[in-house]
Amino acid sequence: MKKNCILVCVTALIFALACFPLKNHAQEEQQTQVQPVQRATFDGFETGVGIGGWLTNYKRFNVLPEDRRMALSVGDFEHFETYVTESDVENIASFGVQCVRLGFDQIVIEESPGVYRERIFVLIDRFINDCEKHHLNVVLNLHKSIGNYCDIKEEVELLDDEGLQDRFVSLWATFEKRYADKPNVAFELLNEIRNVDPEKWNRLADRTIKAIRELNPTRKIIIGSTSWNSPDTLKYLRLYDDPNIIYTFHFYEPFSFTHQQGVLQAGPLYYNRKMAYPSDVEPYRDYERYVNNASNPYPNIERIDKDWMRKRLQPAFDFAKAHPDKILWLGEFGTIRHCKLEYRENWMRDLISLAKENNIPYCAWNYLSTPNDGNRFSLVDDDKREILSPTLLRIIRGDDE
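All residue numbers refer to positions counted from 1 along the written sequence of the respective chain. Totals for whole chains, interfaces and linings use every residue, but because this is a predicted model, local features are given only for residues with pLDDT of at least 70 and side-chain atom pairs only at 80 or more, for both listing and counting. The side-chain values count all of the structure's non-hydrogen atoms but skip hydrogen atoms and water molecules.

Caption draft 1: Region of the structure containing the overall build of the protein. By definition, any uninterrupted DSSP run of H or I lasting at least four residues is a helix, any uninterrupted run of E lasting at least two residues is a strand, and each is numbered from the N terminus. What the protein contains, in helices and strands, is 16 helices and twelve strands. Relative accessibility decides the category of a residue: with a 1.4 Å probe and only protein chains considered, values under 20% of the type maximum give buried, values over 50% give exposed, and everything between is partly exposed. Of all 401 residues assigned to the protein, the portion counted as buried reaches 55%. Only heavy atoms enter the contact rule, under which two residues are in contact if any of them lie within 4.5 Å. Across the protein, contacts joining residues at least 24 apart in sequence account for 73% of those joining residues at least 6 apart. Computed with the Shrake-Rupley method and a 1.4 Å probe, the accessible areas treat only the protein chains shown as cover for residues. Total accessible area computed for the protein in this model is approximately 19,100 Å², and 52% of it derives from carbon and sulfur atoms.

Okay, structure coming up:
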C-alpha cells in the first residue's frame, strides 16, 4: 500500500513538472529583457542632399536696400532657367543618397497674392520628373516666406499678419493640387522659423496641415521648430496622430565653426579667424568673449568634439526617444565652403554618426551655392560640380565612421 502511494505521488509530481516546467535563469532573463523600441522610419528619405542657390539664395538680401529685395530681375530669371539641370540631378543620384531637398522662395513662385508664376512651376515640374527618372525622392522646402526670411528681419512678420498667413496656406494648397499625383514628394512647410512665440507657429502650421489634408490625407508634411529649427525648441512643436507628419531640426553648432569667416553674419566676419574641429575649447571661448562679450563661455568644457556635439544634440535625442512613433529628421546641416576640408569632413562625420546612432535620417546642406554667395556651403566644386573629396562622399552616404 505504501509503495502504491509513493508511486502515485511520484507520478503526480512528474505530471506536474511536465505541465508546468520550471524556468531556468536564462529563460527568466530573456523574458524580462526590455526589447528595443522600433522607431518610425522615413522610408525613401533616409539620406539626402539639399539644393540652395537656385530658387533660393540666388542673391542675398542682406546687402540690398529694402525697396529692392522683393523684385526679380532679368538676370534672376536667366539664373532660374539655367543653373540646375538634369545633369545635376543625375550627379546627386550618383552620390548614393535617397532624396533631394529643394529650397524655393515665396517671391520666386508667387507673382502677387494668389497669382503664381507658371514658368517657375514648370521648372519645378521638370526637376521632380528628373528626380523620378533618377530614383530620387523630393522634399519641396519653402525656404523663405514673405514675413519669415531667416537671415533678415522684416517690418511685417508672417506670424503677426493674417493676410500673409492666408497667402501661406493658399500657396501650399496650390502645391498640393498641382502635385496630387506625386506621392514621393514631401512638403516642408517653412525653413527655419525665426525666434518667435512657438504657439503662433503651431497655429499656422496646424491650419496649413488641415488645408493640405482636406486635399490629400497621406501627403508627407514636414514641420520644424522655432529659433531657426533649433533642437532645443522641438519640445514646443504640436504633435499629430498622423504617420505622415515628420518633425525636423537643423544643426550648425558651433556657429563660429560652421560659419567661420562668413561675410553675411557680423560675428564670424568680425572675428575673422580660421577654426578647427575637433579642437581645444579655447578658440571658441575667445570667439564668444570677443564677439558677444561673454564672461564665462563654454563652462566645464575642455574640447569641442563628438562628445560635446552629443550633449548639444541631446534635446533631439530626447524627443526621438519620447516619441518613437514619430519621424524625426535632421533636415539641414553643413559647413561653410572655405573651412579646411579636413575639418569639414571631421564635423560632418561626427554629426552623421550621431544621427545614425539614434536612428535619425538626415539631409546635408548644400549641393551647390552660387559662386558669389557669401554663405557658400557647397559640397561640389563650381566648375565641374564634382564632390570635393571621396571621403566627403562616403560621409554623406553614411559609410565613413
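Caption draft 2: Quick peek at the environment of Glu157. Examined against the element boundaries, Glu157 turns out to sit in the loop between strand 5 (137–144) and helix 7 (162–178). For Glu157, a relative accessible area of 14% corresponds to the buried category. Sequence separation between Glu157 and Ile146 is eleven residues, and the spatial gap between their C-alpha atoms is 8.0 Å.

Caption draft 3: The arrangement of the pattern of salt bridges in detail. One speaks of a salt bridge when a side-chain nitrogen belonging to Lys or Arg is within 4 Å of a carboxyl oxygen belonging to Asp or Glu. Applying the stated criterion across every chain, the model contains 29 salt bridges. Residues Glu81 and Arg119 are paired through a salt bridge, measuring 4.0 Å at the closest nitrogen-oxygen approach. Residue Glu81 is found in helix 3 (residues 74–82), and its partner Arg119 is found in helix 6 (residues 118–133); the two are separated by 38 residues along the sequence. Under the relative-accessibility criterion, Glu81 is labelled partly exposed at 36%. Residue classification places Arg119 among the partly exposed residues on the basis of a relative accessible area of 43%. Where Glu86 meets Lys133, a salt bridge forms, and the shortest distance between an N and an O atom there is 2.9 Å. With Glu86 in helix 4 (residues 86–94) and Lys133 in helix 6, this residue pair connects regions lying 47 residues apart in the sequence. For Glu86, a relative accessible area of 27% translates into the label partly exposed. According to the relative accessible area criterion, Lys133 is exposed, its value standing at 54%. One connected set of salt bridges, linked through shared partners, spans Glu199, Asp206, Lys210 and Arg238.

Caption draft 4: Local environment of the packing of helix 15 (residues 341–357) against helix 16 (residues 390–397). Running from N to C, helix 15 and helix 16 point in directions that differ by 15°, and their axes come no closer than 9 Å. Taken together, helix 15 and helix 16 sit at an angle that is classed as roughly parallel. Considering only the axes of helix 15 and helix 16, their crossing is left-handed. Contacts between helix 15 and helix 16 involve Glu345, Met348, Arg349 and Ile352 from the former and Thr391, Leu392, Ile395 and Ile396 from the latter. Under the convention adopted here, Pro, Cys and the residues Ala, Val, Leu, Ile, Met, Phe, Trp and Tyr are nonpolar, Asp, Glu, Lys and Arg are charged, and Gly plus all remaining residues are polar. Taken together, the residues that form the contact of helix 15 with helix 16 break down as five nonpolar, one polar and two charged. Here an angle of 0 to 180 degrees is reported between the N-to-C directions of two axes, which are lines fitted to C-alpha atoms, with helices fitted over the stretch in contact. Here the angle decides the label: under 35 degrees means roughly parallel, over 145 means roughly antiparallel, 65 to 115 means roughly perpendicular, and every other value means oblique. Working rule for handedness: look at the near helix, and if it is turned counterclockwise from the far one by less than a right angle, call the crossing left-handed; if clockwise, right-handed.

Caption draft 5: Focus on the environment of Glu288. Following the sequence through the fold, Glu288 ends up in helix 12 (residues 282–292). Expressed as a C-alpha distance, the spacing of Glu288 and Gly267, which sit 21 residues apart in the sequence, is 9.1 Å. Ignoring anything within four residues of it in the chain, the contact list for Glu288 reads Asn293, Ala294, Pro297 and Tyr298.

Caption draft 6: View of the nonpolar core. Judged by nonpolar contacts, the single largest core of 107 residues is most densely connected at Phe127, Leu140, Trp172, Phe175, Leu189 and Trp201. With seven residues, helix 6 is the single largest residue contributor to this core. Discounting residues that sit within four places of it in the chain, Phe175 has contacts with Phe104, Ile109, Phe121, Ile124, Leu140 and Phe187. Think of a nonpolar core as a cluster: buried Ala, Val, Leu, Ile, Met, Phe, Trp, Tyr and Cys residues, connected wherever their side-chain atoms sit within 4.5 Å. Listed in part, the ten residues of the second largest apolar core include Ala186, Ile246, Ile327 and Trp329.

Caption draft 7: Local environment of the confidence of the model for the protein. Each residue carries a pLDDT value, the predictor's own confidence for that position, ranging from 0 to 100. In the predicted model, the protein carries a mean pLDDT of 90, and 89% of its residues have values of at least 70. This stretch, residues 1–36, has a pLDDT under 50; its non-local contacts, to residues over four places away or in other chains, come to three contacts.

Caption draft 8: How the structure looks around the packing of aromatic side chains. Any two rings among Phe, Tyr and Trp, with Trp reduced to its six-membered ring, count as a pair given centres within 6.5 Å; such a pair is stacked if its planes are under 30 degrees apart, edge-to-face if over 60, and tilted if neither. Within this structure, the stated rule accounts for 27 aromatic pairs. Relative to Tyr179, the ring of Phe175 has its centre 6.1 Å away and its plane inclined at 40°; by these criteria the two rings are tilted. This pair shows no difference in class: Phe175 is buried, exactly as Tyr179 is. Through pairs of rings, three or more aromatic residues link up here, namely Phe104, Tyr116, Phe121, Trp172, Phe175, Tyr179 and Phe187. Put simply, a charge is over a ring when the Lys NZ or the Arg CZ is close to the ring centre, within 6 Å, and near the line of the ring normal, within 35 degrees. For the cation-ring pair, Arg219 lies above Phe187, with the distance from its terminal atom to the ring centre recorded as 4.5 Å.

Caption draft 9: Broad picture of the packing of helix 6 against helix 7. Where helix 6 meets helix 7, the closest approach of the two axes is 13 Å, and the angle between their N-to-C directions is 50°. Of the possible angle classes, the one that applies to helix 6 and helix 7 is oblique. In the crossing of helix 6 with helix 7, the sense of the turn from one axis to the other is right-handed. In contact with Glu118, Phe121, Val122, Ile124 and Asp125 of helix 6, helix 7 contributes Thr174, Phe175 and Arg178.

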